[in-house]
Amino acid sequence: MDVLIHISGTQTLAGEKPDTIELTTTGTLQQTIQGWQLCYQETEATGLPGTTTTVHISPCRIVLERTGPNASILVLEKHKRHHCNYNTPYGMMDLGTFATAIDYHLGDTGGTLDFAYTLGFNGGINSSHAVHIEVEDKQSCRLS
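What you see is a predicted model, and the numbers here were worked out from it, not measured in a lab. (Residues numbered from 1 in each chain as written. Predicted model: local features only at pLDDT ≥ 70, side-chain atom pairs only at ≥ 80, totals over all residues. Heavy atoms only, no water.)

(A) Local environment of the packing of aromatic side chains. All chains considered together, the criterion is met by one aromatic pair. Look at Phe115 and Tyr117: their rings are 6.0 Å apart centre to centre, the planes differ by 20°, and that puts the pair in the stacked class. Note on Phe115: relative accessible area 5%, which makes it buried. Relative accessible area serves as the criterion here: at 9%, Tyr117 is assigned to the buried category. (Phe/Tyr/Trp six-rings, centres within 6.5 Å; stacked < 30°, edge-to-face > 60°. Buried < 20%, exposed > 50% of the residue type's maximum accessible area, 1.4 Å probe, protein only.)

(B) Main features of the side chain of Thr52. Residue placement: Thr52 occurs in strand 4 (residues 52-58). Residue class for Thr52 comes out buried when judged on its relative accessible area of 18%. Separated by 2.8 Å, the side chains of Thr52 and Gln41 make a polar contact. Setting aside anything within four residues of it in sequence, one finds Thr52 in contact with Cys39, Tyr40, Gln41, Glu65, Arg66 and Thr67. (Helix = DSSP H or I, 4+ residues; strand = E, 2+ residues; numbered from the N terminus. Polar contact = N/O pair within 3.5 Å; in protein donor to acceptor, adjacent residues only side chain to side chain. Contact = heavy atoms within 4.5 Å.)

(C) Region of interest: the pattern of salt bridges. All told, the structure shown has three salt bridges when counted by the stated rule. For Arg66, the salt bridge is made with Glu42, and the minimal N-O distance between the two is 3.4 Å. Of this pair, Arg66 sits in strand 5 (residues 61-67) while Glu42 sits in the loop between strand 3 (36-41) and strand 4, and the two are 24 residues apart along the sequence. As far as the burial class goes, Arg66 and Glu42 line up, both buried. Glu77 serves as the salt-bridge partner of Arg61, at 3.5 Å between the closest nitrogen and oxygen. On the criterion of sequence distance, the pair formed by Arg61 in strand 5 and Glu77 in strand 6 (residues 72-77) is long-range, its members being 16 residues apart. Through salt bridges with shared partners, a single network forms among Arg61, Glu77 and Lys80. (Salt bridge = Lys/Arg side-chain N within 4 Å of Asp/Glu carboxyl O.)

(D) Here's a closer look at the pairing of strand 9 (residues 110-120). Most of strand 9 is tucked away: eight of the 11 residues are buried. Pairing analysis gives 11 bridges linking strand 8 (residues 91-107) to strand 9, with the strands arranged antiparallel. Across the sheet, Gly107 pairs through a bridge with Gly110, a residue of strand 9. Hairpin connection between strand 8 and strand 9: a loop of two residues separates the two successive antiparallel strands. Both strand 9 and strand 10 (residues 127-137) contribute to a ladder of 10 bridges, which runs antiparallel. Residue pairing across strands places Ala116 opposite Ala130, the latter belonging to strand 10. (Pairing = 2+ DSSP bridges.)

Next up, the structure:
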């Protein structure tokens, strides 16, 4: 289904104030055998123009898959550590991820997805992240 997506992400670096970024975009939401799949195009506003982000959602696991010039896969599994190569506009990074929370309420008309995780490199925890995503069926919402 075609959807309107509201994303709010807060990043906290060690010893610094939290930084929140918000984005509203359009995309698609579809139910899969494992759960749900949310897909949208990145823009200049996110610093990843030309990149497609697909969020694979299941009860204890989120996979953020980016294709295009900034291709990467970030695996977030509740209470498990994962290591991955993450492509940024500045080059490839070897990251460790650890999801502390995954909660979603999605259905035929949209819903919400919340997850929190830490990122680290060189064996340490360097930042914590909290993401809130609201998804609305484009047919049922009014854009002003």
